[in-house]
Amino acid sequence: MEPWQKSLEQSITTTEELAGRFAFDAEQLRAVVQRYPMRITPHYLSLIEEPGDPIWRQCVPDPRELATDELLPDPLNEAGLSPVPGLIHRYPDRVVLLVSTTCAMYCRFCLRKHQVGCVGIATDLDRAIDYIAETPAVRDVVLSGGDPLLLSDDLLERILARLHKIPHLEIIRIGSRTPVTLPDRITPELCRMLRQYHPLYVNTQFNHPREITAASAAACTMLADAGIQLGNQTVLLKGVNADPAVMKQLMQRLLTIRVRPYYIHQMDLVQGTGHFRTSVETGLAIMGGLRGHTSGMATPYYVIDAPGGKGKVPIVPEFLERRGGKLLLRNYLGEVIEYPDIDG
Ligand SMILES: *Cc1c(COP(=O)(O)O)cnc(C)c1O
Ligand code: SF4
């Protein structure tokens with residue numbers, strides 16, 4: 001067994017185990033864990049300083065997950081956009097392929113909360129890969145799940161090799177939170193394998209500066225040294241990172257570990273995650289605290305994934321105003337500058 005597999009085995013999956021380490025009302029959480037599984041890796045557990053902190057909130061169940069509200073299990077209509085089970089084809093030129101049903105740590109705010117770690121996504125891998133091979137418009141595939149890096153190197157390589165052979169598939173992306181939650185998953189052997197399938201991109205998900213540790217930095221360095229460009233998709237989470245100073249620190253620190261901020265995601269309207277929601281105004285204030293105030297490279301897009309699977313929509317603070325024939329630009333300090341536009 002590899003060390004990362006041992007780490008997974010040593011993860012905490014019951015509220016009783018957690019109650020042995022922290023003082024909190026474990027009884028209240030038992031029903032939540034029965035509905036939505038919990039798994040906290042030893043590494044992620046070590047980042048918790050106290051109950052209720054930004055690390056805790058991401059990994060420990062909350063009674064509010066069982067709230068009955070208007071939120072939906074699949075607000076992005078991913079099932080409806082799947083020509084083959086486990087393959088989501090929403091945009092013209094790219095698809096998401098769900099290759100794994102598990103994650104190292106179950107994020108409480110997960111978009112696929114109702115599938116990941118639960119009933120499982122019945123991906124028909126052969127048919128999904130055939131679909132990509134038979135659809136020349138698809139030039140980009142995002143491997144997701146669950147977490148693709150919870151597959152063994154061998155199984156992952158078999159999938160990558162099949163995809164890599166498809167002539168019209170120009171790039172492969174892997175979405176994985178293991179650099180954050182299970183950094184020892186990133187091994188020299190894995191990197192040697194991955195680098196054969198370039199152009200390959202990895203997008204990870206750091207949500208708080210405290211998740212950037214020596215171990216996660218080492219994992220990212222190893223991937224970057226294999227020539228893999230690393231992007232980051234942060235989820236904007238109430239009680240975790242919905243604060244301009246925290247978010248700026250996170251974005252800046254990501255660049256120091258060679259990870260380029262790509263998206264900040266507004267929370268999707270997923271049943272069981274409503275307590276993480278923030279207003280769009282909060283998100284706009286965070287973006288206003290980034291653009292111009294720090295490196296452009298530390299400034300990702302803030303996106304709302306439009307309900308119903310209508311696509312990601314970037315939301316930007318108002319930098320532009322038209323008054324008569326004039327274009328007025330508002331810079332990051334709030335100063336208004338006139339820009340002479342032309343017709344055509
Ligand atoms: C996010 C997403 C993609 C990839 O979108 P990019 O903006 O290219 O990163 C593709 N398909 C689906 C269904 C998605 O949700
Ligand atoms: S790593 Fe991604 S897929 Fe897995 S639980 Fe977290 S948000 Fe969901």
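The structure we're discussing is the one just above.
What you are looking at is a predicted structure, and each value in this text was computed from that prediction instead of being measured. (Residues numbered from 1 in each chain as written. Chains lettered and ligands numbered in written order. Predicted model: local features only at pLDDT ≥ 70, side-chain atom pairs only at ≥ 80, totals over all residues. Heavy atoms only, no water.)

(A) View of the site of ligand 2. Close to ligand 2 lie Cys103, Met105, Cys107, Cys110, Gly146, Arg177 and Gln205. Within the shell around ligand 2, the residues separate by chemical class into four nonpolar, two polar and one charged. (Near = heavy atom within 4 Å. Nonpolar A, V, L, I, M, F, W, Y, C, P; charged D, E, K, R; others polar.)

(B) A look at the site of ligand 1. Taken together, Ile88, Arg90, Tyr91, Arg94, Val96, Arg173, Tyr262, Tyr263 and Lys312 make up the full set of residues near ligand 1. Within the side chain of Arg90, a nitrogen or oxygen atom sits 3.2 Å from an oxygen atom of ligand 1. Arg94 has a polar side-chain atom sitting 2.7 Å from an oxygen atom of ligand 1. Taking 380 Å² as the accessible area of ligand 1 by itself, protein coverage stands at 88%. When contributions to the shell around ligand 1 are tallied by element, the ones reaching two or more residues are β2 (94-98) and β7 (259-265). Its residues assigned to classes, the shell around ligand 1 shows five nonpolar, no polar and four charged. (Polar contact = N/O pair within 3.5 Å; in protein donor to acceptor, adjacent residues only side chain to side chain. Areas by Shrake-Rupley, 256 points an atom, 1.4 Å probe, with all protein chains shown as cover. Helix = DSSP H or I, 4+ residues; strand = E, 2+ residues; numbered from the N terminus.)

(C) Highlighting unusual backbone geometry. Going from Gly145 to Gly146, the amide bond is cis rather than trans, its omega being 10°. Its place among the elements puts Gly146 in the loop between β3 (140-144) and α8 (153-164). At the junction of His198 and Pro199, the peptide bond is cis and its omega measures out at -5° in the coordinates. One can find Pro199 in the loop between α10 (188-194) and β5 (200-204). With a phi angle near 55°, Asn77 is a residue other than glycine that sits in the positive phi range. With respect to the secondary-structure elements, Asn77 resides in the loop between α5 (54-59) and β1 (87-88). Judged by relative accessible area, Asn77 falls into the partly exposed class, the value being 33%. The phi angle at Arg258 is positive, at roughly 70°, despite the residue not being glycine. (Buried < 20%, exposed > 50% of the residue type's maximum accessible area, 1.4 Å probe, protein only.)

(D) The sheet that holds strand β12 (residues 336-339), seen in detail. The antiparallel open sheet is built from three strands, whose spatial order is β10-β11-β12. This sheet does not close on itself; its edge strands, each paired only once, are β10 (320-323) and β12. Along the sheet, successive strands turn relative to each other by an average axial angle of 30°, direction set aside. (Pairing = 2+ DSSP bridges. Axes fitted to C-alpha atoms, helices over the stretch in contact; angles between N-to-C directions.)

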